[in-house]
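So the chains spell out like this:
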Amino acid sequence: MPNTIPEKLRTLEDKLYACRYAQALMGYDEATAAPARSEDGRAKAAEVLSRISFDALVNPDTEALLKEAEAADLDERTAAEVRELRRQYDAIARIPADEYAAFTGLVQQAVPAWGRAKRSNDFDAFAPYLEKIVAALRRQAGYFAPDRDPYEAWLDRYERGLTIARCDAFFAALRGEILPLLKEIQQRGKPVRTDFLDRDWPLEGQRELARRIMALWGLDPDHCVLDESEHPFTEGFWHGDVRITTHYMKRDVLSSLYSVAHEGGHALYELGVDPACDFTVLGGGATMGLHESQSRLFENMVGRSRAFIHWLWPVLRELFPGQTADFTEEELYRAANRAEASLIRTEADELTYALHIMVRYELEKALLQGTLAVKDLPEAWNAKYQEYLGIQVPDNARGVLQDIHWAGGDMGYFPSYALGSAYAAQAWDDITAKLGDGVLEAHIEKGDLSPLKDALHTRLWQYGNSREPADLVKSLCGGEFDPTHYTRYLRRKYTDLYAL
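Please read all numbers here as calculations on a predicted model, not as lab measurements. (Residues numbered from 1 in each chain as written. Predicted model: local features only at pLDDT ≥ 70, side-chain atom pairs only at ≥ 80, totals over all residues. Heavy atoms only, no water.)

1. Structural notes on the overall build of the chain
Each helix and strand counted, the chain has 20 helices and three strands in total. Computed over C-alpha atoms, the radius of gyration of the chain comes to 23 Å, within 12% of the 23 Å expected from 2.2 N^0.38 for 500 residues, which places it in the range of a compact globule. Principal-axis analysis of the C-alpha atoms gives the chain an extent of 70 × 50 × 45 Å. The burial tally for the chain puts 56% of its 500 residues in the buried class. Of the contacts made within the chain by residues no fewer than 6 positions apart, 75% connect residues no fewer than 24 positions apart. Carbon together with sulfur atoms contributes 51% to the accessible area of the chain, which is approximately 20,300 Å² in total. (Helix = DSSP H or I, 4+ residues; strand = E, 2+ residues; numbered from the N terminus. Rg over C-alpha atoms; globule rule 2.2 N^0.38 Å. Buried < 20%, exposed > 50% of the residue type's maximum accessible area, 1.4 Å probe, protein only. Contact = heavy atoms within 4.5 Å. Areas by Shrake-Rupley, 256 points an atom, 1.4 Å probe, with all protein chains shown as cover.)

2. Examining the pattern of salt bridges
Per the stated rule, a full pass over the model turns up 46 salt bridges. Salt-bridge contacts for lysine 8 lead to glutamate 68; the nearest nitrogen and oxygen are separated by 3.5 Å. Of this pair, lysine 8 sits in helix 1 (residues 5-32) while glutamate 68 sits in helix 3 (residues 60-70), and the two are 60 residues apart along the sequence. In this structure, the salt-bridge partner of arginine 83 is glutamate 468, at a minimum N-O distance of 3.1 Å. In this pair, arginine 83 sits in helix 4 (residues 76-92) while glutamate 468 sits in the loop between helix 18 (450-459) and helix 19 (469-477), placing the two residues 385 residues apart along the sequence. Arginine 83 gets classed as partly exposed once you look at its relative accessible area, which sits at 31%. Since its relative accessible area comes to 25%, glutamate 468 is described here as partly exposed. Residues joined by salt bridges that share partners form a network here, namely Glu63, Lys67, Glu70, Arg86 and Asp90. (Salt bridge = Lys/Arg side-chain N within 4 Å of Asp/Glu carboxyl O.)

3. Concerning the environment of lysine 250
Here lysine 250 shows up in the loop between strand 3 (241-246) and helix 10 (253-271). Judged by its relative accessible area of 48%, lysine 250 falls in the partly exposed class. As a C-alpha pair, lysine 250 and proline 469 span 219 residues in sequence and 40 Å in three-dimensional space.

4. With respect to helix 10
Between its first and last C-alpha, helix 10 extends 27 Å over 19 residues, near the 27 Å set by a 1.5 Å rise per residue. A large share of helix 10 lies buried, amounting to 19 of its 19 residues. For helix 10, the N-terminal capping position is held by aspartate 252, with its side-chain oxygen 3.2 Å away from the main-chain nitrogen of leucine 254. (Expected span 1.5 Å × (residues − 1). Polar contact = N/O pair within 3.5 Å; in protein donor to acceptor, adjacent residues only side chain to side chain.)

Functional significance is not addressed by these values, which are geometric in nature.
This is how it looks when you write it as structure tokens:
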């Protein structure tokens, strides 16, 4: 029997990890497997696992252990484990166990229902699941944060300390910069050639390109598997087992390229966590915003840079000699960085990406605050896309059904994408300033990401969830968070690209 506090904590965490591992593996297998599986059986298994996890954490013995540990003199890492376990305990202890387990089963049914609805462009088939999810999230927020706005309660769960007021101010600042800049580009920007992207790019060549990107990022296939799914995602199990997915599109070589770059950034974060955090509540990234900072940094600051395009160009010429015969490296750079209103968030350029996030932020906030009904969501979605991006949504498959997040019960997550982009811009500014002008770019051109990865490991990756998010943001960014780094970055980049 465990006697010391660390031993008791490890026994508890082993139980919790086993449940999380089984649940994550179930979700990963379902998302990447071709044959259909029994939804009822999968939902039941998810409920059982969730109930086991709930019972392991929420019980008198755990409460007694946490109180004992909180009164003890512990080392820094163990104290961090206790702090995180307490947060998890307080977050779910007020939720009825049966309801907590039932929600997990609901999500397991909702995700495949969403996939079918998207493929058949049938929002009405998915709406009943989403209605149940919204109602459940509202009830749960009332349990663990009865005095807070239900949406703000969920914002805080994904990005600790985030408030609606802070989000509103952040998005207002982005909107004030992005919309005028986009208008400038549309009115007097130098045209960008993109016709060469819409051609047949053989999938085997795209798969080999994805492997080359994985190798450049330094993702060892023995520890990071690349698979295929409807919606690209990353699943981290421990620092030696991280799995990413992509979706190949035959007539768009850049789509999968940048999804691999994006998910690869997530994977690097997970793989870089101190092994001492494995199988504990300290493993993995600290917040969704910090996680997105890494994916957006590798997708955009690295993946769309001139230095990376210079590395990429001969690889594309090798893998697709016919498709690349009639355009140049400079034209590829400009096409990869073009700014134009588009339907799909995951395909959006850096400039308009935050507008896609604003649409989701405003709609999910309204859903959880009860001012928008699920049945009215498609109409509201289409109106927002017309207002912010100036485009008409032709169908729900390319509109309100395009993302998996709400089917997975994730509301309050989307703002983290925009915050992550802003964290990334500030971190990039600070790292490049400290390394010296042109140093990072010179290394990336040669296919060497080690200076960047070393800096990110030192500033962020190694800590996992062992430090407070505010401290990690400051460490990553090289100072207090300042979103003007992001708006200045966008202004510099697109002013140069479009010769404004």
